[in-house]
Amino acid sequence: MSKRASSSSNSSPVKKKRAKIQENQSQLDHFFSSPKAKPSNGGIPGSVQHPEFVQGNSTRLGSPLPPILLDKKEPEVIDVDSFCLEEPISHAPSKKSSGANTLLLKSSPTKKDSSNGESILGKVSKPSDILVFLPLDVDPLVYKPEHQASRPGHAPFALLTNALMALSQTRSRIAIINILTNFLRTIILKHPSSLLASVYLLSNCLGPSFIPIELGLGSSILSRSLQQISGLSAASLRQLYNSTGDPGDVAYAAKSNIRTLIPHAPLTVPYVYESMLKIARCKGQGAAKDKQKIVERLLLAALGEEVRYLTRMLCQNLRVGAVRTSILTALARAFVLTPPPSGNYHAQQSALESDLLQTSKDTTPEAEEQASPSKRTKKYPAAQQALLFSFKEAEALVKQVYVKHPSYDQIIPALLDQGLDRLAERVPLTVGIPLHPMLGSPTRSLEEIYTRLGDLPFSAEFKYDGQRAQIHASRLAEGKSVTKIFSRHLEDMTSKYPDIIGLVETVFNESPTLHSFIMDSEIVAIDPVSGTIKSFQELSGRARKDVNLKDVRIAVCIFAFDLMYLNGEPLLDRSFRQRRDLLRQSFPVRRSQESSMLLAQFDFVKNCESDEGKSAIEDFMLSAVENRCEGLMIKLLDQPDSTELKGEKQSRLKSLPSTYEPDVRTSGWLKLKKDYMDGMGDSMDLIPVGAWHGNGRKAQWWSPVLLAVWDPEAGRPVALCKCMSGFTDSFYTSMKEHYSTGSDNCSTQRKWDCEFGGFVPDVYFRPHEVWEIRGADSITESPVSVAAKGLAAPSRGLSLRFPRFIRVREDKNIETASTPAFLLGLWAAQQGRAAIPGNDDGDLVDIHSDHSDLDYLSEEDEDL
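In the nomenclature of an unreviewed UniProt entry, the protein chain is known as DNA ligase of Gymnopilus dilepis. Database annotation for the protein chain, UniProt heading Sequence similarities (unreviewed entry): "Belongs to the ATP-dependent DNA ligase family."

Next up, the structure:
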């Protein structure tokens, strides 16, 4: 099992091997450019390392932390012009052991607050204090959160660092979930008030995706902060960065040389989170200096490995592989094993723990070795089976709640209040908080659609080439209305469409019975007079935010196709036919014949019913192409009755829901694009991750370009194929400017975390764009590509033959690009085999899919 190094080598504080960096974070290639501010001493102290962190098993160290007082004045930045540097001391060798880990705090007492004898952040540990962390990478059944070292009050940041270090050393999905589960159990039991901040920091974000919180921390601020506290010159920091490729490693090496005259109190999780929020709130004149002061306070208070992971958080580049699915799974399991703290906590757990401990004794390796060969197969007794069932239910519940209400701000307090009990009722679908949109499965032809759906009634709809939008609106008591518009990625784009806000206000004024709604729609650019549909590129010409109504030059029309909420009632569990009927009854069509930009137009998607016959559907497909649409969406109208069926037929009908399933790709919605019907069965959304120098006429450009799929389990791109067709000269020119050598987006060395397999490009791209690619031939096995390796062939991956560039998908980010599972499904369909299910629009799995019971208790790790 591959491990990631998490500390410096013994001989030097600088890593010789370039560290990988998560592709979906900002790469600070100019991280340590020379800022205006000069270091206080301008010198380069000797290479010295702090011995705070005594390395042990997968966990490391921490420090005892009492409660912090966030409402008090924060400590001022300490002048570090002179430091008491000790003689060089190397780290102890990193060894795998079964023991716990300790942190010796070699610091003198700090200044105390005159009112209560505590420092601003908490009491500073005495030199003799030793905090021992239990390993987190153990089976949650044997982990005891009450035995984990800590102090009353807020969670120590050292405990979070301990978990991050353990996560960085493994790529096993089971190990990752176990570490997260055990860490969250500790927080729930000992520091419940720190749970929300812990989850956000683990998620590498500061809030929900629909609330735009930008840290806005430039490379120059981080560089000046490190120069100020370490005394290193800008050139020295730059040299460290060129050697490691990771700002966290640079900060660790720079801070390891420093001993402050007046030690800071240990960091806590809430303090770090609140400090990052303060950085995001710094605006206006002097904001850079204010941000730098906050960063300096954090770095001065951090010890050992805390510096590395704190810096990565500030760069929003955590690199530990804790994707959203893993966090939600661990959160659900943590609340199963450790309900919210209460007086009867131990009584609630005693029976379960007793049964599980007895089960563990009965299934030890020694007992199995002595058993007869016929009984050596691992079995799960009743207590473990019950636990597995509880895990499965809890995970489905938490994920269902999250996709309908994706905000930890409400989910975490609800879990801490009453646990998992009635969570869906306490955190319901809410106007103003976007839900994850339902997804459609690709199909190759109308014949395949009829094969999948059989005689079930369906509706074929135009698939417009626009921007998918989720419109939330409610009428306030005083007669005013509030409107929010969210993208398919749940980003708030309300300020981009003032003409839609005006339309919603008009609808409310004309419909006294309408109070609130959530609508799924497509925003399309149109000619305001003729109503002719325009291309997506013209829609992209609108400004992205803070648009004034008078400045609107591109008219739009809302083509509504679904209704998820109406007048206080969620409609997700109703059939598509019922939701569509309510949509058309509640909203009138508004198609203006005047050349006015003040209000957006409103219409329903054009559709054709299956009862009109197959020839009518074929003609409707041709009409969609003529009207500049992408193709058709096929939607099941009614929920099929599977109660009288058994086995495979019942399972197949259950995969054909007509209900609205957030963030799930089912056969209830099928998409048939015009590109699917020519050559390969589907277009793919791929990520450019590298390129080669062009030859001949293309010598001044990048050609070919290396493309990758997105692996949601590993949290990184996986190289798939080269592409060199479909590009225009103007696109080549703009691409070369965007990916210029030495810029933040292009490097001659591997700086971004990506699995390249046998591909060795001349330059590497920062993964941040998504391109739509269509294959002119087929998907084939490849000895070079590692995409879906081992799934289609034992030692080979899959690759796309003759790929052709279609367009840049500005409406997608890399985490919603096509996945290996999607690629494998296309390959299986091409081979005439059963399709392999997969979700290629995010890292949440299908909440209706069955999870193997062995996924949790298996003895063998699943390396990603």
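Draft legend 1. Fine view of the side chain of Thr-659. Checked against the element boundaries, Thr-659 lands in the loop between α21 (647–654) and β13 (665–673). Among the residues examined, Thr-659 registers a relative accessible area of 14% and is labelled buried. Reaching out from Thr-659, the side chain makes a polar contact with the side chain of Glu-661 at a distance of 2.5 Å. Thr-659 has contacts with Met-438, Leu-572, Asp-573, Arg-574, Arg-579 and Gln-639, leaving out every residue within four places of it along the chain.

Draft legend 2. Inspection of a nonpolar patch on the surface at higher detail. Together, Leu-549, Leu-598 and Leu-599 line one region of the surface with nonpolar side chains, adding up to about 240 Å² of accessible area. Following the sequence through the fold, Leu-598 ends up in the loop between α19 (576–586) and β10 (601–604). With a relative accessible area of 53%, Leu-598 lands in the exposed category.

Draft legend 3. Quick peek at helix α1 (residues 157–168). Between its terminal C-alpha atoms α1 stretches 16 Å, which fits the 16 Å expected from 12 residues at 1.5 Å a residue. Within α1, 12 of the 12 residues are buried, which leaves it mostly tucked inside the rest of the structure. Every buried residue of α1 is accounted for by Phe-157, Ala-158, Leu-159, Leu-160, Thr-161, Asn-162, Ala-163, Leu-164, Met-165, Ala-166, Leu-167 and Ser-168.

Draft legend 4. Local environment of the side chain of Glu-609. Here Glu-609 lies in strand β11 (residues 607–609). Within the structure, Glu-609 has its side chain in polar contact with the side chain of Arg-580 (distance 3.0 Å).

Draft legend 5. Spotlight on the packing of aromatic side chains. If you walk through the whole model with that rule in mind, you get 25 aromatic pairs. A centroid spacing of 6.2 Å and a plane angle of 80° characterise the contact between Phe-210 and Phe-486, whose relative ring orientation is edge-to-face. Here Phe-486 lies in strand β6 (residues 481–486) and Phe-210 lies in the loop between α3 (195–202) and α4 (219–230), a separation of 276 residues in the sequence. The structure contains a cluster of three or more aromatic residues connected by ring pairs, namely Trp-701, Phe-727, Phe-731, Tyr-732, Trp-771 and Phe-805. Here the basic side chain of Arg-312 rests over the ring of Tyr-309, its NZ or CZ set 5.1 Å away from the ring centre. The ring centre of Trp-669 lies 4.2 Å from the NZ or CZ of Lys-635, which sits over that ring.

What counts, and at which threshold
Residues numbered from 1 in each chain as written. Predicted model: local features only at pLDDT ≥ 70, side-chain atom pairs only at ≥ 80, totals over all residues. Heavy atoms only, no water. UniProt positions renumbered as here; feature names shortened; annotations may be inferred. Helix = DSSP H or I, 4+ residues; strand = E, 2+ residues; numbered from the N terminus. Buried < 20%, exposed > 50% of the residue type's maximum accessible area, 1.4 Å probe, protein only. Polar contact = N/O pair within 3.5 Å; in protein donor to acceptor, adjacent residues only side chain to side chain. Contact = heavy atoms within 4.5 Å. Patch = residues over 30% accessible without salt bridge, like charges linked within 9 Å, V, L, I, M, F, W, Y side chains within 5 Å. Areas by Shrake-Rupley, 256 points an atom, 1.4 Å probe, with all protein chains shown as cover. Salt bridge = Lys/Arg side-chain N within 4 Å of Asp/Glu carboxyl O. Expected span 1.5 Å × (residues − 1). Phe/Tyr/Trp six-rings, centres within 6.5 Å; stacked < 30°, edge-to-face > 60°. Lys NZ or Arg CZ within 6 Å of the ring centre and 35° of its normal.

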